[in-house]
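Descriptive structure summary
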Amino acid sequence: GHDPLTERLIEIYSIWGSAERPGCLRQMLPSQERDYWGDFAVDALAAGYKVGFIASGDEHAGHPGLGSWLRIWDAFPSGITAVLAQANTRESIWEALWNRRCYATSGARMVLSFSVDEHPMGSILQRTGQPVRITAEAVGTAPIREATIVRNGQDVHTVTGAGYHL
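Residues numbered from 1 in each chain as written. Predicted model: local features only at pLDDT ≥ 70, side-chain atom pairs only at ≥ 80, totals over all residues. Heavy atoms only, no water.

Some points on the sheet that holds strand E2 (residues 17-18)
Put simply, the rule reads: We call two strands paired when DSSP finds no fewer than two bridges between them. Labels follow the DSSP assignment, with helices taken as runs of H or I lasting at least four residues and strands as runs of E lasting at least two, numbered in each case from the N terminus.
Spatial strand order, E2-E1-E3: three strands in an open sheet with mixed pairing. Sheet topology places E2 and strand E3 (52-55) at the edges, where each strand pairs with a single neighbour. Alignment of strand E1 (residues 9-14) against E2, held across two bridges, turns out to be antiparallel. Paired with Tyr 13 across the strands is Ser 18, a residue of E2.

Here's the deal with unusual backbone geometry
Applied cut-off: Remark: exposure states derive from per-residue accessible area (1.4 Å probe, protein chains only) relative to the maximum for the residue type, with buried under 20%, exposed over 50%, and partly exposed in between.
In the Ramachandran plot, Asp 117 falls in the positive-phi region, its phi being about 50° despite a non-glycine side chain. In this structure, Asp 117 sits in the loop between strand E6 (111-116) and strand E7 (119-120). Within the chain, Asn 152 stands out as a residue other than glycine whose phi angle is a positive 55°. By the secondary structure assignment, Asn 152 is in the loop between strand E9 (146-151) and strand E10 (154-160). Residue classification places Asn 152 among the exposed positions, given a relative accessible area of 69%.

Next up, the structure:
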């Protein structure tokens, strides 16, 4: 079963694709014809897991963030994890990872700030039934097309991008 003391993060993206939800953009490639139903991030969240998301290269060549440097098979761009740490120290980075203040990208070096009712990403909030205020800001390395809020595996709100800043 799930142990919340040791399973704080899950890999949502790598060169094998996205494990966000069935039918998502860049959905995971088949591995020996394996069926991924029930193994997506949305399934973990539906089961009550309180997890943050990371991404990686999973290309075994020692080039973090550059997993596409040697394309010998049909895969996606390498993923990368961003960590919102107070300082660039081992302790601060581990503290941010422990508290799920991190996010996954499909390789883009983007900056993302996200909060709900002024609580930073990774926070666990009690449901009140009242509307919440979501605040997000993104700065990309290329024009941002859109940002989508997903709840329970369903797109609930999309904002169209305008240039490199959202």
